[in-house]
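Observations on chain architecture
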Amino acid sequence: MGLPRFIRPNGVDEQLSPNLYVANCGPSVGLSYEIIKSVFSKFGQVKGVYAADESGARVIVSYVDVGSAQAALKALDGHSCPDLGGRSLHIRFSVLQPTSEGQVNDSIPVSLVASELSIPGLYLWHDFINAKEEQELLTAVDDRPWNNLSKRRVQHYGYEFCYEVNEYPRGVGLSPHIDTHSAFEGLIFSLSLAGPCIMEFRRYLDGSWLPKTASSNDMKVKNLENGSNLIRRAIHLPPRSMLLLSGEARYAWHHYIPHHKIDMVNDNVIRRGSRRVSFTFRKVRKGPCQCEFPQYCDSQR
């Protein structure tokens, strides 16, 4: 279930709302959502506390009624709060952002193990290599020339994209895609080095997955909560972990990496490193793909 999206306050004319935008408050400054909720609950019933953005230092506190939000703003805005480590909060009213067609909620639960996602054919091994082996691999690729793309660097070995090394600077992700069925066989391995990230998986239930080349901004989809043609899952990929896409996970689910500098994992702020390097292993297919997912298959359309 996705989290509500709120508009950041803009200007001095504020609309009264049961939702408060609270700055200088959140996991990255040592305040858990549970502690924040307990403090703000003194002024009324709190429906929830949500991340306002990717910083981890700004939250949305959502009350059941406007009066409670007004009381909390009056008592806490600009004042040192002993129950929140003596921090001075900066609070404004915020409103729920209207959901338009094509808008996808960014916030979904993030799993730590593949089994929680219930995606057949998806596997993740933590600590697949040790720290010494990780450093040896990074040194080896850094001794070779990189090809510069628009936002990342890449090295190809053998057939292009068959054995691939990518370097992603902090904040750079990967657009949603399914690796071409006709080009590669059914097992795709990805080894993450140097930095963590979140990988999201998307399954379009009616097959309307926009088979033409599309970026994340081009993909007009509906959330399951609003339109029921998209399932989304997300998993945390720590350094030295190995991911395997096979079967349904490889052939029917788009995968992508959000363009974030900070990820929220179970209310914890995970800051991406200065770089993330991934080793991707694929096997070139010799004939047409005959998978069980023809709606996603370029060999069978």
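Analysis parameters
Residues numbered from 1 in each chain as written. Predicted model: local features only at pLDDT ≥ 70, side-chain atom pairs only at ≥ 80, totals over all residues. Heavy atoms only, no water. Pairing = 2+ DSSP bridges. Helix = DSSP H or I, 4+ residues; strand = E, 2+ residues; numbered from the N terminus. Axes fitted to C-alpha atoms, helices over the stretch in contact; angles between N-to-C directions. 1 Å grid on protein atoms, 1.4 Å probe; cavity = no way out; pocket = protein on both sides within 12 Å on 5 of 7 lines; lining within 4 Å. Points joined across faces, edges and corners; volume = space filled by probe spheres on them. Nonpolar A, V, L, I, M, F, W, Y, C, P; charged D, E, K, R; others polar. pLDDT = per-residue confidence, 0-100. Contact = heavy atoms within 4.5 Å. Patch = residues over 30% accessible without salt bridge, like charges linked within 9 Å, V, L, I, M, F, W, Y side chains within 5 Å. Areas by Shrake-Rupley, 256 points an atom, 1.4 Å probe, with all protein chains shown as cover. Salt bridge = Lys/Arg side-chain N within 4 Å of Asp/Glu carboxyl O. Buried < 20%, exposed > 50% of the residue type's maximum accessible area, 1.4 Å probe, protein only. Polar contact = N/O pair within 3.5 Å; in protein donor to acceptor, adjacent residues only side chain to side chain. Arc of directions from axis to C-beta.

Remarks on the sheet that holds strand β14 (residues 197-204)
Ordered by their spatial adjacency, four strands build an open sheet running β12-β17-β14-β15, and the pairing between neighbours is antiparallel. Two strands close off the open sheet at either side, each with one partner strand: β12 (174-177) and β15 (230-237). When strand polarity is set aside, the average angle formed by the axes of neighbouring strands in this sheet is 20 degrees. Alignment of β12 against strand β17 (residues 254-257), held across two bridges, turns out to be antiparallel. Within β17, the position partnered with His 177 by the bridge is His 255.

What to know about empty space enclosed by the protein
All told, the structure shown has one cavity of 30 Å³ or more when counted by the stated rule. As a volume, the largest cavity reaches approximately 70 Å³. Tyr 168, Pro 169, Arg 170, Gly 171, Val 172, Pro 196, Cys 197, Ile 257, Arg 272, Gly 273, Arg 275 and Arg 276 are the residues that line the largest cavity. Secondary-structure elements contributing two or more residues to the lining of the largest cavity are β11 (163-169) and β20 (275-281). Within the lining of the largest cavity, the residues separate by chemical class into six nonpolar, two polar and four charged.

Brief notes about the confidence of the model for the protein
Reading fine detail from the predicted coordinates is not recommended where pLDDT is low. Per-residue confidence for the protein gives a mean pLDDT of 83; residues scoring 70 or more make up 81%. A low-confidence stretch, residues 98-105 (pLDDT under 50), is modelled with 17 contacts involving residues beyond four sequence positions or located in other chains. Ignoring residues within four places in sequence, the model shows residues 208-227, a span with pLDDT below 50, making 41 contacts including any to other chains.

Describing a nonpolar patch on the surface
The grouping of Tyr 123, Trp 125 and Phe 128 at the surface amounts to a nonpolar patch, some 330 Å² of accessible area in total. On the secondary structure map, Phe 128 appears in the loop between β8 (122-125) and α3 (131-142).

Observations regarding the environment of His 177
The residue His 177 is located in strand β12 in this model. Classification of His 177 by relative accessible area gives partly exposed; the value is 25%. For the pair His 177 and His 255, spaced 78 residues apart in sequence, the C-alpha separation works out to 5.7 Å. Not counting residues within four places of it along the chain, the set of residues in contact with His 177 comprises Trp 253, His 254 and His 255. A polar atom in the side chain of His 177 sits 3.0 Å from the backbone oxygen of Ser 175. Engagement of the side chain of His 177 in a polar contact is seen with the side chain of Asp 179, the distance being 3.3 Å.

Here we look at helix α1 (residues 33-40)
All buried positions along α1 are accounted for by Tyr 33, Ile 36, Val 39 and Phe 40. The buried side chains of α1 occupy one side of the element, clustering within an arc of 125 degrees when seen end-on.

A word on the side chain of Arg 232
Looking at where Arg 232 falls in the secondary structure, it is placed in strand β15. The class of Arg 232 is buried, set by a relative accessible area of 11%. Reaching out from Arg 232, the side chain makes a polar contact with the side chain of Glu 200 at a distance of 2.7 Å.

Here we look at unusual backbone geometry
Residues other than glycine seldom take positive phi values, yet Ser 118 does so here, at roughly 55 degrees. Here Ser 118 shows up in the loop between β7 (90-96) and β8. Accessibility expressed as a relative area gives 59% for Ser 118, which makes it exposed.

What to know about the pairing of strand β10 (residues 153-157)
As paired elements, strand β9 (residues 147-148) and β10 share two bridges and run antiparallel to each other. For Asn 148, the partnering residue across the bridge sits in β10 and is Arg 153. Where β9 hands over to β10, the hairpin turn is made up of four residues, counted between the paired strands.

Notes on the side chain of Asn 166
Note that Asn 166 resides in strand β11. Note on Asn 166: relative accessible area 2%, which makes it buried. One polar contact links Asn 166 to Glu 164, side chain to side chain, over a distance of 3.1 Å. Non-local contacts of Asn 166, meaning those with residues more than four positions away in its chain, are made with Trp 146, Arg 152, Arg 153, Val 154, Arg 276, Val 277 and Ser 278.

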